Structures are given as structure tokens and as C-alpha cells.
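# Survey of secondary and tertiary structure
Residues per chain, in single letters:
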Amino acid sequence: MSTRFTRLASGALTALLVTGLTTGCNPLESKPKGEKAPDAPALTEPKLPEDTDAAGSKKAAAEFRTWIEANGDEQQKAAASRIQRVLGDWQGELAEAYISTDINGGKTEVADPTGAAKALAGAFDRWKDAANGVKGAVSVHDVNGNALTLGSF
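Residues numbered from 1 in each chain as written. Predicted model: local features only at pLDDT ≥ 70, side-chain atom pairs only at ≥ 80, totals over all residues. Heavy atoms only, no water.

## Observations concerning the pattern of salt bridges
- Under the counting rule described, the total for this entry stands at 3 salt bridges.
- With its nearest N and O atoms 3.0 Å apart, the salt bridge here joins Arg-85 to Asp-51. Taken together, the residues span a long stretch of sequence, with Arg-85 in strand E1 (residues 83-89) and Asp-51 in the loop between helix H1 (2-22) and helix H2 (54-71) at a distance of 34 residues.
- On the basis of relative accessibility, which here comes to 21%, the residue Arg-85 falls in the partly exposed class.
- With a closest N to O distance of 3.8 Å, Lys-59 and Glu-63 form a salt bridge. Of this pair, Lys-59 and Glu-63 are both found in helix H2, 4 residues apart, which corresponds to roughly one turn of the helix.
- Using a relative accessible area of 39% as the deciding quantity, one classes Glu-63 as partly exposed. (Salt bridge = Lys/Arg side-chain N within 4 Å of Asp/Glu carboxyl O. Helix = DSSP H or I, 4+ residues; strand = E, 2+ residues; numbered from the N terminus. Buried < 20%, exposed > 50% of the residue type's maximum accessible area, 1.4 Å probe, protein only.)

Right, here's the structure in full:
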């Protein structure tokens, strides 16, 4: 009787595993395939959104640059002068931030535009975690408004 039960249980388990794997489920992952983790970047806009508060976005950029100068690493400090504006709402439930820079069109060329953008995204993560612990998404955009990198904070 136990051999018959073992075979039935083994067959049922195999059927469940095959069904799960063919539907995109991976038993080693905590989320089904295609579903993003709760702290994954949510931004999908490849272009910088319209700045509806120019004074506020410039003020946020100045505050962010000041924070980087005091707390950032060398790569972040080197990229900080590229920040033009910081747009978005990083206080609310759907926290999003967009960093506008002069990368790919400023007065001087940036040797590694992607590296500079990633450094700024990392700095924003540390800045916002230090300020309020809210989780959200950040994107860094070049002078033409094109997204250079996406990150989370």
C-alpha cells in the first residue's frame, strides 16, 4: 500500500511541478515570472516628464547637490554639478523622482555618462533613505530628457 501511495504522490507532485514551470512559475523564486518585486523600479517613461514647478525642482536640485557634497562618494560628487532639476513626488505612496542633468550636452563632456547617472541614482537612494525611508523609483535623464538609468530608493 505504501509503494502505491508513494507512486501516486510522486506522480501528483511531478504534474504540479510541470504545470507550475510551464506557466512561468519558478519554485525557487518568491514571485511568479513577470511580476516585479515591491521595491523594483516602477518608472517606465523613457522621457523626462514636464516640469510643472520649476522653482521647486531647482530648489530640490540645490538641496540634493548640497547633500551629495556633504555625504556622497567621489563619483557622486563629480556628477553632482550635472544636476539641473529634481522633479517628482518622493514623499507619497507612489514615490517617483526624475533627475534632470546636463549629461550629453553640458559645457564639458562626461567620460562615462551611464556611470555618472548611476552614481546620481545611488546618491538619491541614500539621500531619501536618510530623509524619510520612503521607497520608490528614480530615473536620471540627460540634457535631451532621455532616461540614462533607472533605480530605486
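## Comments concerning unusual backbone geometry
- At Asn-104, a position not held by glycine, the phi torsion is positive, near 70°.
- If you trace the backbone, Asn-104 turns up in the loop between strand E2 (96-101) and helix H4 (113-131).

## What to know about the side chain of Ser-100
- Its place among the elements puts Ser-100 in strand E2.
- Setting aside residues no more than four positions away along its own chain, Ser-100 makes contact with Leu-48, Arg-82, Ile-83, Gln-84, Arg-85, Leu-87 and His-141. (Contact = heavy atoms within 4.5 Å.)

## Overview of the confidence of the model for the protein chain
- Averaged over all residues, the pLDDT of the protein chain equals 76, while 67% of them reach at least 70.
- Confidence over residues 1-44 falls short of pLDDT 50; this stretch has 23 contacts with residues more than four positions distant or in other chains. (pLDDT = per-residue confidence, 0-100.)

## A look at the sheet that holds strand E4 (residues 147-152)
- As summarised here, the arrangement of the 4 strands in space is E1-E2-E3-E4, forming an open sheet in which the pairing is mixed. With one partner strand each, in any of the chains shown, E1 and E4 form the two edges of the open sheet. Sheet twist, expressed as the average angle between the axes of neighbouring strands with direction ignored, equals 15°.
- With 5 bridges joining them, E2 and strand E3 (residues 137-141) adopt parallel strand pairing. Following the sheet pairing, Tyr-98 is matched in E3 by Ser-139. (Pairing = 2+ DSSP bridges. Axes fitted to C-alpha atoms, helices over the stretch in contact; angles between N-to-C directions.)

## Overview of the pairing of E2
- Most of E2 sits out of view: 5 of its 6 residues are buried.
- Alignment of E1 against E2, held across 6 bridges, turns out to be antiparallel. Looking at E2, one finds that Asp-89 is bridged to Glu-96.

## Quick notes on the side chain of Ser-57
- Within the element layout of this structure, Ser-57 appears in helix H2.
- Given the relative accessible area of 3%, Ser-57 is considered buried.
- At 2.6 Å, the side chain of Ser-57 forms a polar contact with the side chain of Asp-51.
- For Ser-57, the side chain forms a polar contact with the main-chain oxygen of Ala-54, separated by 3.0 Å.
- Discounting residues that sit within four places of it in the chain, Ser-57 has contacts with Asp-51, Arg-85, Val-86 and Leu-87. (Polar contact = N/O pair within 3.5 Å; in protein donor to acceptor, adjacent residues only side chain to side chain.)

## So, the packing of aromatic side chains
- Under the defined criterion, the tally for this structure stands at 3 aromatic pairs.
- Summarising the aromatic geometry, the rings of Phe-64 and Phe-124 are spaced 5.5 Å apart at their centres and angled 80° between planes, so their arrangement reads as edge-to-face. With a gap of 60 residues between them, Phe-64 in helix H2 and Phe-124 in helix H4 connect regions that are remote in the sequence.
- On the basis of relative accessibility, which here comes to 0%, the residue Phe-64 falls in the buried class.
- Among the residues examined, Phe-124 registers a relative accessible area of 0% and is labelled buried.
- Taken together, Phe-64, Phe-124 and Trp-127 form an aromatic cluster joined through their ring pairs. (Phe/Tyr/Trp six-rings, centres within 6.5 Å; stacked < 30°, edge-to-face > 60°.)

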